[in-house]
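Residue-level listing of the chains:
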Amino acid sequence: MLTIHNSLTRRKERFQPIDAGKVRMYVCGMTVYDYCHLGHARVMVVFDMVARWLRASGFDVTYVRNITDIDDKIIRRAQENGETIRALTDRFIAAMHEDADALGVLRPDHEPRAMDYVAGMQSLIGRLEEKGLAYVAANRDVCFAVRKFDGYGKLSGKSIDELRAGERVDVVDDKNDPLDFVLWKHAKASEPAEAKWDSPWGSGRPGWHIECSAMSADLLGDHFDIHGGGQDLQFPHHENEIAQSEGAHGHAFVNYWMHNGFVRVDDEKMSKSLGNFFTIRDVLKQYDPEVVRFFILRAHYRSPLNYSDAHLDDARQALTRLYTALKSVPVEAVAPDWNGPWAQRFRAAMDDDFNTAEALAVLFDLANEFNRGGEPALGQQLRALGKVLGLLERDATVFLQGRVAAGDGLDAAQIESMIEARSAAKKARDFAEADRLRAALLEAGIVLEDGPQGTSWRRA
Ligand SMILES: [Zn+2]
């Protein structure tokens, strides 16, 4: 029985999908004007793990993670670079995919781009206006009137007055209430035509919050199971999504809200001004992507995650212990044996609000047992359970012999030593081992050619 900590009720609840056997999940994705940072890595890996676990539990999952490709920062960056918004966002979407692929993050079922859903956003704003929840402000922006929506603040657990006290009130603008937020931004002459759409409220573009309400409704319906995102989005972004969606449709929007914790660097908030800001690419220059994934999953998703070289080095050592145990275990697609004692403990941990910290602890116990001379099936079980988390899917030799940094690959000495080991295996007629080494090298991008003079190699 799966339980999920629901941010809306602030407690763990038994998970029951709206439609039996099906889960519809939406996660707020990236605003694509720069490379993804460690905070993005965490959101992508955490909800990839959630989707994998739901699927492993037998649910038919539809997972949507959106792309925000209309935004003030995007417009500004494109103008600074002297390029189109499309060119800028296409480039950073490609970069995001490279980072996600490296981290073993499977593609969501849908990755809607906001630009393709503007009509849906406009019809949602129209409904809010009909219901008296939206108004045109003096500056011609269309705003949501938070005081007209009964449940405003329920996700934050605060009243409107408490929320207002936490807001900066020195911002002078044209809104009726400082917490009112923009649904439709009136176009400015200086903005490019690419960022302007005709609408009943004049030329302009959607606000950020309405993007997610419209895209989720289009792809998942206006009432679905799980909505996720980073903790920093809980207020105001998710509070505003609830107000828009429930305000427009007149019924519940999402049953379970999930938020992952912050990423800190050396126990400080990660920020460009503090000089401790890391992109995923920066980190992958130093660490194997699987080490980074392991590091993220080793913490419970709701806990803060503290990035430091010491913690990453520790993660690398821990993952090395698991791969060392797997040295003799071939990479084969084997499903876990869920009746086994370790698999049962693993399942219990994952069913307890996705407790990956505990699930990984089970893998270490299993590796210890296997190392003490356990039967080969235990090695397969270790691989199979690792795979459920998107880990331990590589050939152990490849992991252990390096590939420390992404793209670095093996150096010549490592390659030669693996070729020698393969020749020795062939002489000993251990062809399975020889094939395994050839496959391992191929995975590292090294192609072998056997000739009369022996074996030569080249990079693929
Ligand atoms: Zn969102």
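All residue numbers refer to positions counted from 1 along the written sequence of the respective chain. Predicted model: local features are reported for residues with pLDDT of at least 70 only, side-chain atom pairs are reported and counted for 80 or more only, and whole-chain, interface and lining totals are derived from all residues. Each side-chain value is derived from all of the structure's non-hydrogen atoms; neither hydrogens nor water enter the calculation.

Let us look at the overall build of the protein. Comment: elements are numbered from the N terminus, with helices defined as DSSP H or I runs of at least four residues and strands as E runs of at least two. Within the protein, the secondary structure is distributed over 16 helices and 15 strands. Radius of gyration: over C-alpha atoms. The globule rule applied is 2.2 Å multiplied by the number of residues raised to the 0.38 power. Here the C-alpha radius of gyration of the protein, 25 Å, is about what a compact globule of 460 residues would show, namely 23 Å. In terms of its C-alpha atoms, the protein occupies a principal-axis envelope of roughly 85 × 50 × 40 Å. Any residue under 20% of the maximum accessible area for its type is buried, any over 50% is exposed, and the rest in between are partly exposed; the area is computed with a 1.4 Å probe on protein chains only. The proportion of buried residues among the 460 residues of the protein is 53%.

Another point: the coordination of the zinc ion. Under perfect tetrahedral coordination by four donors, a metal shows angles of 109.5 degrees; under perfect octahedral coordination by six donors, it shows angles of 90 or 180 degrees. Metal donors were taken as nitrogen, oxygen and sulfur atoms no farther than 2.8 Å from the ion, or 3.2 Å where the ion is Na, K or Ca. Water is excluded, so coordination may look unfinished. At 2.0 to 2.7 Å from the zinc ion lie its protein donor atoms, namely C28 (SG), C212 (SG), H237 (NE2) and E241 (OE). Between 85 and 135 degrees for all angles marks four donors as tetrahedral; over 155 degrees for opposite donors together with 65 to 115 for all other angles marks four donors as square planar and six as octahedral; every other arrangement is irregular. One way to put it: the four donor atoms around the zinc ion meet at angles of 74 to 129°, and that makes the site irregular.

The next thing to look at is the pairing of strand β7 (residues 181-186). By the criterion of burial, β7 is predominantly enclosed, with five of the six residues buried. Pairing of β7 with strand β8 (residues 204-206) involves three bridges; the strand directions are antiparallel. When the bridges of β8 are listed, W184 appears paired with P206. Any two strands with at least two DSSP-identified bridges between them are counted as paired.

Inspection of the secondary structure assignment puts D141 in the loop between β5 (134-136) and β6 (142-144). Despite being buried, D141 has no salt bridge partner; K185 is the closest side chain of opposite charge, sitting 6.0 Å away. We define a polar contact as two N or O atoms separated by no more than 3.5 Å, with the added condition that, inside protein, one atom must be a possible hydrogen donor and the other a possible acceptor, whereas residues neighbouring each other in sequence contribute only through side-chain atom pairs. A distance of 2.8 Å separates the side chain of D141 from the backbone nitrogen of H186, its partner in a polar contact. Counted as positive: Lys and Arg. Counted as negative: Asp and Glu, with His and the chain ends omitted from the count. Here, a salt bridge means any Lys or Arg side-chain nitrogen found within 4 Å of an Asp or Glu carboxyl oxygen.

Spatially, the three strands line up as an open sheet ordered β12-β11-β13, and their pairing is mixed. Looking at the sheet topology across the chains shown, the edges are occupied by β12 (268-269) and β13 (305-307). As defined by bridge partners, strand β11 (residues 263-265) adjoins β13 across three bridges and the pair is classed as parallel. Across the sheet, V263 pairs through a bridge with L305, a residue of β13. Residue contacts are counted whenever heavy atoms from the two residues lie within 4.5 Å of one another. The axes used here are C-alpha line fits, helices contributing only the stretch in contact, and every angle between their N-to-C directions lies in the interval 0 to 180 degrees. Helix-sheet contacts for helix α1 (residues 38-56) involve β11 and β13, and the interaxial angle to β11 is about 145°.

Each helix should span, by expectation, one fewer than its residue count multiplied by 1.5 Å. Compared with an ideal rise of 1.5 Å per residue, which puts 16 residues at 22 Å, helix α15 (residues 412-427) spans 23 Å between its outermost C-alpha atoms and is within 8% of the ideal. Of the residues making up α15, those classed as buried are I415, M418, I419, R422 and A425. Buried residues of α15, seen end-on, are gathered within an arc of 120° and therefore sit on one face of the element. Those residues of α15 that are exposed and angled more than 90 degrees off the buried face are A413, E420 and K427. Tucked into the core, α15 has its buried residues touching α14 (396-400), α16 (431-443), β14 (446-451) and β15 (454-459). Immediately beyond the C-terminal end of α15, within one or two residues, lies R429, with a positive phi of roughly 60°. Directions drawn from the helix axis to the C-beta atoms are what define this arc.

We now examine the pattern of salt bridges. A complete count under the given rule lists 37 salt bridges for this structure. A salt bridge links R65 to E111; its shortest N-O distance comes to 3.1 Å. Of this pair, R65 sits in strand β4 (residues 60-65) while E111 is found in the loop between α3 (85-102) and α4 (118-130), placing the two residues 46 residues apart along the sequence. Among the residues examined, E111 registers a relative accessible area of 22% and is labelled partly exposed. Among the ionic pairs, D313 bridges to R316, the shortest N-O distance being 3.4 Å. Of the two residues, D313 and R316 both sit in helix α10 (residues 309-325), three residues apart, roughly one turn of that helix. Here D313 falls in the partly exposed class, since its relative accessible area comes to 30%. Ionic contacts of the salt-bridge type, sharing partners, join the residues D72, K185, K188, E191 and R205 into one network.

Relative to the helices and strands, L284 resides in helix α8 (residues 280-286). A relative accessible area of 7% places L284 in the buried class. C-alpha separation for the pair L284 and E13, spaced 271 residues apart in sequence, amounts to 37 Å.

Side chains on a regular strand alternate between the two faces of the sheet. One ladder, built from six bridges, connects strand β3 (residues 22-27) with β4; its direction is parallel. The partner of K22 across the bridge, within β4, is D60. Place the viewer so that the strands point away; then a crossover is right-handed whenever the path from the first strand over the helix to the second strand goes clockwise. Tracing the backbone out of β3, into α1 and back to the parallel element β4 gives a crossover that is right-handed.

With that out of the way, let us pick up the packing of aromatic side chains. Centre distance within 6.5 Å is the pairing criterion for rings of Phe, Tyr and Trp, where only the six-membered ring of Trp is used; planes under 30 degrees apart are then read as stacked, over 60 as edge-to-face, and the remainder as tilted. With the rule as written, the count across this model stands at 17 aromatic pairs. Between F295 and Y307 the ring centres are 6.1 Å apart and the planes differ by 85°, which places this aromatic pair in the edge-to-face class. Remark: Y307 occurs in strand β13 and F295 occurs in helix α9 (residues 289-298); sequence separation between them is 12 residues. Given a relative accessible area of 2%, Y307 falls into the buried group. Each residue in the set Y26, F224, F253 and W257 is aromatic and connected to the rest through ring pairs, giving one cluster. By the criterion adopted, a ring carries a charge over it if an Arg CZ or a Lys NZ lies within 6 Å of its centre and within 35 degrees of its normal. Between the NZ or CZ atom of R347 and the centre of the ring of W338, over which it lies, the distance is 4.3 Å.

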